[in-house]
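# Descriptive structure summary
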Amino acid sequence: SKRYRFIPTLDRVLIRRLLPAETTAGGIVLPSKTQPKIHQGTVVAVGPGFYDNTGKLRKPNVADGDRVYLSEYGGHDIEINNEELVVLREEDILGVIKEED
């Protein structure tokens, strides 16, 4: 079967959401409907940016591989190559999560 690549336009970002744990620490299996939606993910692809009022291209502040915290609402769930992803505007990303040493 064919594989596809999604290239975001403008200031859109493609995110792979972190998956919730399927079992509790005690080993109880959680049904998918009871699992909370995780508002974190990893950037998979980034659009080129958007043009501001002066016509200047504003490049995105996130890059492939960044771990980000997402707004609770917004974005569009899509499926590509049997993988569930979310596309959203960069403004719906609340921040980048960085590891501290």
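These notes cover the structure that comes with them. Remember, predicted model here, so these are calculated numbers, not experimental data.

What counts and how
- Residues numbered from 1 in each chain as written.
- Predicted model: local features only at pLDDT ≥ 70, side-chain atom pairs only at ≥ 80, totals over all residues.
- Heavy atoms only, no water.
- Helix = DSSP H or I, 4+ residues; strand = E, 2+ residues; numbered from the N terminus.
- Buried < 20%, exposed > 50% of the residue type's maximum accessible area, 1.4 Å probe, protein only.
- Areas by Shrake-Rupley, 256 points an atom, 1.4 Å probe, with all protein chains shown as cover.
- Salt bridge = Lys/Arg side-chain N within 4 Å of Asp/Glu carboxyl O.
- 1 Å grid on protein atoms, 1.4 Å probe; cavity = no way out; pocket = protein on both sides within 12 Å on 5 of 7 lines; lining within 4 Å.
- Points joined across faces, edges and corners; volume = space filled by probe spheres on them.
- Patch = residues over 30% accessible without salt bridge, like charges linked within 9 Å, V, L, I, M, F, W, Y side chains within 5 Å.
- Lys, Arg positive; Asp, Glu negative; His and termini not counted.
- Polar contact = N/O pair within 3.5 Å; in protein donor to acceptor, adjacent residues only side chain to side chain.
- Contact = heavy atoms within 4.5 Å.
- Pairing = 2+ DSSP bridges.
- Axes fitted to C-alpha atoms, helices over the stretch in contact; angles between N-to-C directions.

### Focus on the overall build of the protein chain
The secondary structure content of the protein chain amounts to zero helices and eight strands. Mapped in sequence order, the helices and strands of the protein chain form the string β-β-β-β-β-β-β-β. Classification of the 101 residues of the protein chain by burial places 27% in the buried group. A total of about 7800 Å² of accessible surface is found on the protein chain, and carbon and sulfur atoms cover 50% of it.

### What about the pattern of salt bridges?
Note on pairing: side chains with opposite charge can pair once their charged atoms come close. Counted by the stated rule, this structure contains three salt bridges. Ionic pairing is found between Asp11 and Arg89, a salt bridge with its closest N-O pair at 2.8 Å. Note that Asp11 is positioned in the segment before strand S1 (12-17) and Arg89 in strand S7 (residues 83-89), a separation of 78 residues in sequence. Under the relative-accessibility criterion, Asp11 is labelled buried at 12%.

### Topic: the layout of surface pockets
Roughly 190 Å³ of internal volume is contained in the second largest pocket. Surrounding the second largest pocket, Arg3, Tyr4, Arg5, Phe6, Leu14, Arg16, Val44, Ala45, Ile80, Asn81, Glu83 and Leu85 form its lining. Where the lining of the second largest pocket is concerned, the elements lending two or more residues are S1, strand S2 (40-46) and S7.

### Notes on a nonpolar patch on the surface
A surface patch of nonpolar side chains, amounting to about 280 Å² of accessible area, comprises Tyr69, Leu94 and Ile97. For Leu94, the location among the structural elements is in strand S8 (residues 93-97).

### A closer look at the side chain of Glu90
Mapped onto the secondary structure, Glu90 falls in the loop between S7 and S8. Within the buried set, Glu90 has no salt-bridge partner at all; the shortest N-O distance to an opposite charge, 9.5 Å, is to Arg89. Looking at Glu90, its side chain comes within polar contact range of the main-chain nitrogen of Val62, at 3.5 Å. Look past the residues within four positions of Glu90 in its chain and what remains in contact with it is Asp11, Val13, Pro60, Asn61 and Val62.

### Quick notes on the sheet that holds strand S6 (residues 76-80)
The sheet built from six strands is open, its strands ordered S6-S7-S1-S2-S5-S8 with antiparallel pairing. Strand pairing shows two members of the sheet lacking a second neighbour, S6 and S8, which therefore form its edges. Taken over all neighbouring pairs, the strand axes of this sheet differ in orientation by 45 degrees on average, direction set aside.

### Quick word on the pairing of S7
Note that S1 and S7 share four bridges and pair antiparallel. Of the residues in S7, the one forming a bridge with Leu14 is Val87. Note: S6 against S7, five bridges, orientation antiparallel. Paired with Asp77 across the strands is Val86, a residue of S7. The turn joining S6 and S7, which pair antiparallel and follow one another in sequence, is formed by two residues; a positive phi near 55 degrees is taken by Asn81.

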